[in-house]
Amino acid sequence: MSAAPAAPHACDGTCAASGDLRTLMAAFPTGVAVVAAADPAGEPIGMTCSSLCSVALEPPTLLVCLREHGPTAAAVLASGSFTVNLLDDRARPVAELFASGAEDRFAHVRWRPGPCGPHLTADAHTTADCRVDRAFTVGDHVVVLGAVDRVTARREPRPLLYGLRRFKTWEGAGSPGDSEGPLGARMHATTDNTEN
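Residues numbered from 1 in each chain as written. Predicted model: local features only at pLDDT ≥ 70, side-chain atom pairs only at ≥ 80, totals over all residues. Heavy atoms only, no water.

### Focus: helix H2 (residues 71–79)
Argument step 1. Inspection of H2 places Thr72, Ala73, Ala75 and Val76 among the buried residues, and these make up the whole buried set. Down the axis, H2 shows its buried residues gathered within 165° of arc, on one side only.
Argument step 2. The elements touched by buried residues of H2 are strand E2 (33–38), strand E3 (44–49), strand E5 (61–67), strand E6 (81–87), strand E9 (124–138) and strand E10 (141–153).
Argument step 3. In the stretch just after H2, glycine 80 is the one whose phi turns positive, near 75°. (Buried < 20%, exposed > 50% of the residue type's maximum accessible area, 1.4 Å probe, protein only. Helix = DSSP H or I, 4+ residues; strand = E, 2+ residues; numbered from the N terminus. Arc of directions from axis to C-beta. Contact = heavy atoms within 4.5 Å.)

Shown next, in the form of structure tokens:
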């Protein structure tokens, strides 16, 4: 005789502390990007962002989360466009610069204007030009869905990573076909064939 399945536990509606969420997400390493846009005066504005994911392949769509009252969110929403600059593994100083409160951060990097915002030509291996498709506020952040107009790949990716509250480089990175074992093969197939 089989036992009846246990009843699911109901969520009690309370929220975890913000520190608990930081601890949770620190254990989920991710790539590092600089999201950038031009403000209404045409000046470049940007911030370090690890809250980035792909949403759809058709049409190509990215999601970024930006601090609601920050200058980058204001520039992105005002211009209706932005860039996502995926940082190289040697670009930790750039990630730290764009995470700081420095107002002259673009004076310390090589960049050029792109169709949708600044391209960090020396420090980003790949840049996506995006148009704002929609945006909505969640808590203290703005979630922005961007339709990807163009992807510019400058060199082979050697991504900068962030996890456990520190930066790391991708050790032993090889070609995408170098996945080992059945899990690696399934992950590769899933990335290619579903929304990821």
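### Digging into the side chain of histidine 125
Argument step 1. Topologically, histidine 125 is positioned in strand E9.
Argument step 2. Dropping the residues within four chain positions of it, histidine 125 is found in contact with Leu86, Leu87, Asp88, Thr152, Ala153, Arg154, Arg155, Glu156, Pro157, Arg158 and Pro159.

### Side note on the pairing of E10
Argument step 1. Pairing of E5 with E10 involves 7 bridges; the strand directions are antiparallel. Note that in E10 the partner of arginine 67 across the bridge is histidine 141.
Argument step 2. Summarising the sheet, E9 and E10 pair through 12 bridges and their orientation is antiparallel. In the sheet register, aspartate 129 faces E10, and the bridge partner there is arginine 150. (Pairing = 2+ DSSP bridges.)

### Observations regarding the confidence of the model for the chain
Argument step 1. Summing up the model confidence of the chain, the mean pLDDT is 81 and the portion of residues at 70 or higher is 72%.
Argument step 2. Confidence, read as mean pLDDT per element, is least for helix H4 (residues 181–193) in the chain (37) and greatest for strand E8 (residues 118–119) (98).
Argument step 3. In the model, residues 173–196 has pLDDT below 50 throughout and makes 10 contacts with residues more than four positions away in sequence or in other chains. (pLDDT = per-residue confidence, 0-100.)

### Looking at the pairing of strand E11 (residues 160–163)
Argument step 1. As defined by bridge partners, strand E1 (residues 30–31) adjoins E11 across 2 bridges and the pair is classed as antiparallel. Within E11, the position partnered with glycine 31 by the bridge is leucine 161.
Argument step 2. As judged from the 4 bridges shared by E11 and strand E12 (residues 166–169), these two strands associate in the antiparallel manner. Counterpart to leucine 161 in the pairing with E12 is lysine 168.

### Focus on the pattern of salt bridges
Argument step 1. Inspection of every chain in the model, using the stated rule, returns 7 salt bridges.
Argument step 2. The salt bridge partner of glutamate 96 is arginine 92, with a shortest N-O separation of 2.8 Å. Of the two residues, glutamate 96 and arginine 92 both sit in helix H3 (residues 92–99), 4 residues apart, roughly one turn of that helix.
Argument step 3. Several salt bridges share partner residues, and in doing so they unite Asp88, Arg90, Asp123 and Arg155 into one network. (Salt bridge = Lys/Arg side-chain N within 4 Å of Asp/Glu carboxyl O.)

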